[in-house]
Amino acid sequence: EAIRICCELGVRNLVPISCQFSNSFELEIGSPRLEKILENSLEQSNNLFKLEIKYNLKLASINFNEYQYIFLFSNKISSNNIKPKLQINDKVLILIGPEGGFTDLEENYLLENWKNIITINMNTPILRATTAIGAALGHIHSFYKNNIE
């Protein structure tokens with residue numbers, strides 16, 4: 001379901017990461033089932049770009065330096081009220097924790113090591129992955145819209 005939502009909403013890369021509260025799942029790269037989900041989602045949404053899925057990453061293995069903006073969605077930490085003016089070609093990373101969120105240790109790692117993180121408080125009950133993805137993307141799209149007006 002999360003793969004379909006990402007594809008339909010124009011996400012270019014999906015990077016499931018392994019965290020303490022992550023549920024393990026296996027979806028074989030290139031499997032007929034995955035390819036069918038991607039194909040149907042692209043067709044339904046008129047999206048021109050196939051979703052690229054990267055697998056088996058740990059939080060510490062992500063190269064945060066390749067992103068202009070990093071958004072950390074959390075229900076524990078406060079928003080830092082930074083409102084960036086995103087450009088269409090900016091490379092953006094959206095971090096959404098697993099069900100139950102990132103641990104305090106994981107969030108502290110991010111905040112202490114990467115100063116360009118924009119924190120956004122979700123102030124919601126625990127969300128399913130698909131709901132969290134939609135909410136986060138809507139929030140990010142508002143930064144593009146506000147830059148146009």
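Structure first, text after, so check above.
Just so it is clear, the structure is predicted and the values come from calculations on it, not from any experiment. Each chain carries its own residue numbering, running from 1 in the written order of its sequence. The predicted origin of the model limits local features to residues at a pLDDT of at least 70 and limits the giving and counting of side-chain atom pairs to 80 or more, whereas totals for whole chains, interfaces and linings rest on all residues. As a convention, hydrogens and water are excluded, and side-chain values are obtained from all of the structure's heavy atoms.

Enquirer: Explain the environment of S74 to me, using residue names and the numbers behind them.
Expert: In DSSP terms, a helix is any run of H or I states spanning at least four residues, a strand is any run of E spanning at least two, and both are numbered starting from the N terminus. Assignment of secondary structure puts S74 in strand β5 (residues 69-74). Exposure remark for S74: the relative accessible area of 3% places this residue in the buried category. In the structure, S74 is positioned 58 residues away from A132 in sequence and 10 Å away in space, judged by C-alpha atoms. Those residues in contact with S74 that sit more than four places away from it in its chain are E107, I120, N121, M122 and N123. As used in this structure description, the phrase polar contact means that two N or O atoms lie within 3.5 Å; if the pair is within protein, one of them must be able to donate a hydrogen and the other to accept it, and residues adjacent in sequence are counted only when both atoms belong to side chains. Within polar-contact distance, the side chain of S74 engages the side chain of E107 at 2.7 Å. Relative accessibility thresholds used throughout: buried, under 20% of the residue-type maximum; exposed, over 50%; partly exposed, between the two (1.4 Å probe, protein chains only). For this analysis, residues touch if any pair of their heavy atoms sits within 4.5 Å.

Enquirer: Would you mind going over the pattern of salt bridges in detail, with residue names and values included?
Expert: Opposite charge on two side chains allows them to pair when their charged atoms are near. Here a salt bridge means any side-chain nitrogen of Lys or Arg lying within 4 Å of a carboxyl oxygen belonging to Asp or Glu. Going through the model one piece at a time under the given rule, you end up with three salt bridges. The partner of E35 in a salt bridge is K50, with the nearest N and O atoms 2.7 Å apart. Highlighted residues: E35 in helix α2 (residues 32-45) and K50 in the loop between α2 and β3 (52-53), separated in sequence by 15 residues. By relative accessible area, K50 is classed as partly exposed at 47%.

Enquirer: Before we move on, can you summarise the packing of aromatic side chains with the specific residues and values?
Expert: Stacked, tilted and edge-to-face are the three classes applied to pairs of Phe, Tyr and Trp rings, where Trp contributes its six-membered ring and a pair requires centres within 6.5 Å; stacked means planes under 30 degrees apart, edge-to-face means over 60, and tilted covers the rest. Within the structure shown, the criterion is met by two aromatic pairs. Ring plane angle 40° and centroid distance 4.9 Å describe the contact between F64 and W114, whose orientation is recorded as tilted. Note that F64 is positioned in the loop between β4 (57-58) and β5 and W114 in the loop between α3 (104-113) and β7 (117-121), a separation of 50 residues in sequence. What makes F64 buried here is its relative accessible area of 0%. A centroid spacing of 5.6 Å and a plane angle of 15° characterise the contact between F71 and F143, whose relative ring orientation is stacked.

Enquirer: Go over the environment of R4 with me, naming the residues and quoting the values.
Expert: Mapped onto the elements of the fold, R4 is located in helix α1 (residues 2-8). For R4, a relative accessible area of 29% corresponds to the partly exposed category. Between the alpha carbons of R4 and D90 there is a distance of 23 Å; along the sequence they are 86 residues apart. In contact with R4, other than residues within four places in its own chain, are I37 and S41.

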